[in-house]
Amino acid sequence: MASLQQLVEYCDTLLGVADYQDYAPNGLQVEGRGEVRRIVSGVTASQALIEAAIERQADLLLVHHGYFWKGESPVITGIKQRRIRALLAHNISLLAYHLPLDGHAALGNNAQLGRLLGITVEGRFGSGPGGGIAMWGTFSQPLSPADLAARLGERLGREPLLLEGDGRPVRRIGWCSGGAEGYLEQAAALGLDAYISGELAEPTMHIARELGIHYLAAGHHATERYGVQALGDHLADHFAVENYFVDLPNPA
Ligand SMILES: [Zn+2]
């Protein structure tokens, strides 16, 4: 068991929240009961994930995508009202970490993704503290773009979309989980052979072709399952609380 305050302070410090400029508040977003025995963790604080937390009698819901995004309406109506009402009615806290949970050197989405794919991390790019939240690294053996796509599909349980640049094999590769296709040009400027992120917009195919870099859209949800899981498991070890990761499939 842990006190909510202790647990939140620990996470804020561990993830270096104060170093980030983000689109949503990182840390405690909805305050529930003061003691935490059981955590349910998941990618997005949807109604379905809240229902899963209620069913498992969680004290705290730990997510990567919480609420109160910049540009979103600040009023609590509709979907947002129903979600927050359910949390408050069951005294469940909502703890959300966005960019700090992408960038953390060991527990972050990108560190975990690198490990899962068998890449040795060599450096960082993109934006954010410590050189940026995106990572680049090397495979010990070069892979063909098709073999890389197959490895992604097998390890993430979701087929990626592969946009081939030129025909080169992949040895040096960059990646950033979620909606980070915007770093593709930076990845090409670093001389990387391929870049992985979650989503795919129309201009990306032309950019990949014209810069000669392979781009793989591996799924926003599929690439962001791992950080919150690693953080939840870490908290379970550190505080003797329980963590149940709940994966609610999302093809996007
Ligand atoms: Zn995301």
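Attention in this report is confined to the structure presented alongside it.

Criteria and cut-off values
Residues numbered from 1 in each chain as written. Predicted model: local features only at pLDDT ≥ 70, side-chain atom pairs only at ≥ 80, totals over all residues. Heavy atoms only, no water. 1 Å grid on protein atoms, 1.4 Å probe; cavity = no way out; pocket = protein on both sides within 12 Å on 5 of 7 lines; lining within 4 Å. Points joined across faces, edges and corners; volume = space filled by probe spheres on them. Nonpolar A, V, L, I, M, F, W, Y, C, P; charged D, E, K, R; others polar. Donors = N, O, S within 2.8 Å, 3.2 Å for Na, K, Ca; no water. Helix = DSSP H or I, 4+ residues; strand = E, 2+ residues; numbered from the N terminus. Pairing = 2+ DSSP bridges. Axes fitted to C-alpha atoms, helices over the stretch in contact; angles between N-to-C directions. Contact = heavy atoms within 4.5 Å.

This paragraph deals with empty space enclosed by the protein. Over the atoms a probe the size of a water molecule is rolled, and this reveals where empty space is left. All chains considered together, the criterion is met by one cavity of 30 Å³ or more. Within this model, the largest cavity holds a volume of roughly 30 Å³. Lining of the largest cavity is provided by Asp 22, Ala 24, Pro 25, Asn 26, Gln 29, His 64, His 65, Gly 66, Trp 69, Ala 96, Tyr 97 and His 98. Each residue belonging to the lining of the largest cavity can be placed in one class, and the counts come to five nonpolar, six polar and one charged.

Right, let's talk about the coordination of the zinc ion for a bit. Coordination of the zinc ion by the protein comes from His 65 (NE2), His 220 (NE2) and Glu 224 (OE), over a distance range of 2.0 to 2.1 Å. For the zinc ion, the single-chain donor residues occur in sequence as H-x154-H-x3-E. Residue His 65 is located in strand β5 (residues 60-65), and its partner Glu 224 is located in the loop between α9 (220-223) and α10 (226-239); the two are separated by 159 residues in the primary sequence.

This part covers the sheet that holds strand β9 (residues 161-163). Spatial strand order, β7-β8-β10-β11-β12-β9: six strands in an open sheet with mixed pairing. Each edge of the open sheet is held by one strand with a lone partner, namely β7 (120-125) and β9. If you compare each strand with its neighbour and ignore which way they point, the axes differ by 25° on average. Pairing between strand β11 (residues 194-197) and strand β12 (residues 214-217): four bridges, direction parallel. Residue pairing in the sheet places Ile 196 in a bridge with Leu 216 of β12. The sheet contacts of helix α6 (residues 145-156) involve β8 (134-143), β9, β10 (170-175), β11 and β12, and relative to β8 the element is tilted by about 115°.

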